[in-house]
Amino acid sequence: MDMKLEVVVLPVADVDRTKHFYKTLGWREDADIVFGTSRVVQLTPPGSAASVHFGTGITDAAPGSVRGTYLVVADIEAARAELAGHGVAVSEVFHRDETGAFAPGVHPDHGTYGSFASFSDPDGNTWLLQEITTRFPGRVSGATYDSTDELEQALKRAAAAHGEHEKETGQYDEQWPAWYARYMTDHQDA
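Residues numbered from 1 in each chain as written. Predicted model: local features only at pLDDT ≥ 70, side-chain atom pairs only at ≥ 80, totals over all residues. Heavy atoms only, no water.

1. Some thoughts on the side chain of T69
Our working definition: Strands are runs of DSSP state E lasting at least 2 residues, helices are runs of H or I lasting at least 4, and numbering of each runs from the N terminus. Only heavy atoms enter the contact rule, under which two residues are in contact if any of them lie within 4.5 Å.
As for its placement among the helices and strands, T69 is situated in strand β5 (residues 69–73). Leave out the neighbours within four places in its chain, and T69 touches T126, W127 and L128.

So, in structure tokens, the structure goes:
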């Protein structure tokens, strides 16, 4: 059974201030609902399948107590510049060196999973930007494509590979849609 992370609850002191902060970052407002004495606001970062909830009456955690929630980006320097452009106090870019300690600057070889920057919301909930350019094998849980041309090329690669698969088995594969889906997910960066 799939279990997908849907929402991270952020404890905040001032709901409207927090809502304004995240909307300034370009996060989409999905809901702002009042249930009796409780209020739930849901916002979603651009390109994310998961959202954040904050409000009143939804958590007893102390405002600002959420630490190190990751936001994955394809270009750490561009993401940092965009946040700074919105007036966010974002750290300089840093990476882990060969000893595992944090060191200033982008990872020397721009290694995937290797470069970071951090920022906080007005209550002190902290976020860690992480640059991921290529996912570890098997880590991709779904395939996404930035254009119809990119999707078309992926389908062509899958079709060619599936043709080889049917040659090897010597029979028609009635489950070809599932085979394509697995292939396209496993070989997205091909």
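2. What about the pairing of strand β8 (residues 115–120)?
Which entries qualify depends on this criterion: The pairing criterion is simple: DSSP has to find at least two bridges between the two strands.
Bridging between strand β6 (residues 94–96) and β8 involves two bridges; their strand directions are antiparallel. Bridge pairing links F94 to F116 in β8. Relative to strand β9 (residues 126–131), β8 is paired through five bridges, and the arrangement is antiparallel. Following the sheet pairing, S118 is matched in β9 by L128.

3. Remarks on the pairing of β9
Regular strands place their side chains on alternate faces of the sheet. The following threshold applies: Residue exposure (1.4 Å probe, protein chains only): buried if accessible area is under 20% of the type maximum, exposed if over 50%, otherwise partly exposed.
Counting buried residues along β9, five of its six residues qualify, which places the element largely inside the surrounding structure. Across five bridges, β5 lies against β9 in parallel orientation. By the bridge assignment for β9, T69 is matched with W127.

4. Quick look at the sheet that holds strand β3 (residues 38–44)
To summarise the sheet geometry, strands pair through backbone hydrogen bonds and adopt either a parallel or an antiparallel arrangement. In plain terms, the rule: Axis angles are defined between N-to-C directions and span 0 to 180 degrees, where every axis is a line fitted to C-alpha atoms and, for a helix, only to the segment in contact.
Sheet architecture is open: four strands sit in the order β1-β4-β3-β2, paired in mixed fashion. Of all strands in the sheet, those with a lone pairing partner are β1 (7–9) and β2 (28–35), marking the two edges. Here the average twist between neighbouring strands, direction ignored, is 20°. Where β3 meets strand β4 (residues 51–56), five bridges bridge the pair, whose relative direction is antiparallel. When the sheet's bridge partners are listed, V40 is paired in β4 with G55. Its contacts with the sheet put helix α1 (residues 15–24) on β2, β3 and β4, and the angle it makes with β3 is roughly 10°.

5. Remarks on the packing of helix α3 (residues 148–169) against helix α4 (residues 176–186)
Operational definition: Any angle between 65 and 115 degrees counts as roughly perpendicular, while under 35 counts as roughly parallel, over 145 as roughly antiparallel, and the rest as oblique. Handedness of each helix crossing follows the sense of rotation of the near helix against the far helix: counterclockwise by less than a right angle gives left-handed, clockwise gives right-handed. Residues are grouped as follows: nonpolar covers Ala, Val, Leu, Ile, Met, Phe, Trp, Tyr, Cys and Pro; charged covers Asp, Glu, Lys and Arg; every other residue, Gly included, is treated as polar.
In the contact formed by α3 and α4, the axes pass within 10 Å of each other and the chain directions differ by 120°. Of the possible angle classes, the one that applies to α3 and α4 is oblique. Considering the relative orientation of α3 and α4, their crossing is right-handed. Only W176, W179, Y180, Y183 and M184 of α4 make contact with α3, whose side of the interface consists of L151, A154, L155, R157, A158, A159, A161, H162 and H165. The residue makeup of the contact of α3 with α4, split by class, is eleven nonpolar, two polar and one charged.

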